[in-house]
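As a plain string of letters, each chain reads:
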Amino acid sequence: MTADQRDVGGLRPRGARMPRRERRAQLLESALEVFVAQGYHAAAMDDIAERAGVSKPVLYQHFPGKLELYLALLDRSCDQIIDNCRAALESTDDNKQRVEATMAVFYEYVAHDTGAFRLVFESDLTNEPAVREQVDRVTAECARLIAGVIHEDTGLPDEASRLLAVSLVGMAQVSARFWLTEAGGLGRDQAAALVAGLAWRGIGGYPRTDEPSVEH
């Protein structure tokens, strides 16, 4: 067996031909490992090809360059957190539980062992417009989903609903990243619950439009 065929140091062995979709998925997983470990600038296509156990020409058949590969991976990571945010909001009609579920999405995302959140929230390529657009898309889309719920339930104007929604998303992102690096003594669920409680005490102060008004 040659060195290329052995699985050494976590490298994947070269194997039989894969269907194109399966190969693309494998390349993305290998690229994720390399980008998370090294950052965009230090990572090389050679490293990614070696990690995947393929030749560089095979890698270039799927992705014309390192930026295109990074953007494909970033797009997938952004879609994941947006889809999870949407699912959390749709999981219940109880707004307190919605806040808890949505906050949990961000904590679960940063805690995932792939480290994919670093591509979205800690990218070293945010000066690249296409990357900045993808990173901003997470905040914009999650806020849009949350703002829709706030507007529908409170009757607040769109601008006010969006401002509150962006504030909630910012709270979730920043606190989750802080928890991961600085507050590891707290369990993930405990940390998410603490911040969800803070968020609910704020947003819960805006009454639903279908709640009867209280006259003093």
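Residues numbered from 1 in each chain as written. Predicted model: local features only at pLDDT ≥ 70, side-chain atom pairs only at ≥ 80, totals over all residues. Heavy atoms only, no water.

Moving on, we come to the packing of aromatic side chains. Taken as a whole, this structure holds five aromatic pairs when the rule is applied. The interplanar angle of 90° and the centroid separation of 5.0 Å between the aromatic rings of phenylalanine 35 and tyrosine 70 together place this pair among those described as edge-to-face. Note that phenylalanine 35 is positioned in helix H1 (residues 20–42) and tyrosine 70 in helix H4 (residues 66–90), a separation of 35 residues in sequence. Side by side, phenylalanine 35 and tyrosine 70 carry an identical accessibility label, which is buried. Centroid distance tyrosine 109 to phenylalanine 121: 6.1 Å. Interplanar angle 80°. Geometry classified as edge-to-face. Taken together, the positions of tyrosine 109 in helix H5 (residues 95–111) and phenylalanine 121 in helix H6 (residues 117–121) put the pair twelve residues apart, joining distant regions of the chain. There is no split in this pair, since tyrosine 109 and phenylalanine 121 are both buried. (Phe/Tyr/Trp six-rings, centres within 6.5 Å; stacked < 30°, edge-to-face > 60°. Helix = DSSP H or I, 4+ residues; strand = E, 2+ residues; numbered from the N terminus. Buried < 20%, exposed > 50% of the residue type's maximum accessible area, 1.4 Å probe, protein only.)

What follows concerns the packing of H1 against helix H2 (residues 45–52). H2 packs onto H1 with a crossing angle of 145° between their chain directions and a minimal axis gap of 9 Å. Between H1 and H2 the crossing geometry is right-handed. Contacts between H1 and H2 involve Gln26, Leu27, Ser30, Ala31, Glu33, Val34, Phe35, Gln38 and Ala42 from the former and Asp47, Ile48, Arg51 and Ala52 from the latter. Residues that form the contact of H1 with H2 fall into these classes: seven nonpolar, three polar and three charged. (Axes fitted to C-alpha atoms, helices over the stretch in contact; angles between N-to-C directions. Left-handed = near helix turned anticlockwise from the far one by under 90°. Contact = heavy atoms within 4.5 Å. Nonpolar A, V, L, I, M, F, W, Y, C, P; charged D, E, K, R; others polar.)

With that out of the way, let us pick up the layout of surface pockets. Looking at the largest pocket, its volume works out to about 390 Å³. Asn95, Val99, Ile150, Trp200 and Ile203 are the residues nearest the centre of the largest pocket, which is lined by 22 residues in total. Per-element accounting of the lining of the largest pocket gives the leading share, six residues, to H5. (1 Å grid on protein atoms, 1.4 Å probe; cavity = no way out; pocket = protein on both sides within 12 Å on 5 of 7 lines; lining within 4 Å. Points joined across faces, edges and corners; volume = space filled by probe spheres on them.)

Another point: the side chain of threonine 102. For threonine 102, the position within the fold is in helix H5. A relative accessible area of 9% places threonine 102 in the buried class.

Mapped onto the elements of the fold, histidine 62 is located in helix H3 (residues 56–62). Leaving out residues up to four positions away in the same chain, histidine 62 has contacts with Arg20, Arg23, Arg24 and Leu27.

A few words on the nonpolar core. Residues Phe35, Leu69 and Phe121 are the most contacted members of the largest nonpolar core, which totals 63 residues. Contributions of two or more residues to this core are made by H1, H2, H4, H5, H6, helix H7 (129–154), helix H8 (158–182) and helix H9 (188–203). Among the elements that make up this core, the one with the highest residue count is H4 (eleven residues). Excluding residues within four positions of it along the chain, phenylalanine 121 makes contact with Ile81, Phe106, Tyr109, Val110, Val138, Gln173 and Arg177. (Core = buried A, V, L, I, M, F, W, Y, C linked by side-chain atoms within 4.5 Å.)

Here we come to the confidence of the model for the chain. On average, residues of the chain score 87 in pLDDT, and 88% of them are at 70 or above. Every residue in residues 1–12 scores below 50 in pLDDT, and together they form 16 contacts with partners more than four places removed in sequence or on other chains. A low-confidence stretch, residues 212–216 stays under pLDDT 50, and its non-local contacts, those more than four residues away or across chains, total zero contacts. (pLDDT = per-residue confidence, 0-100.)

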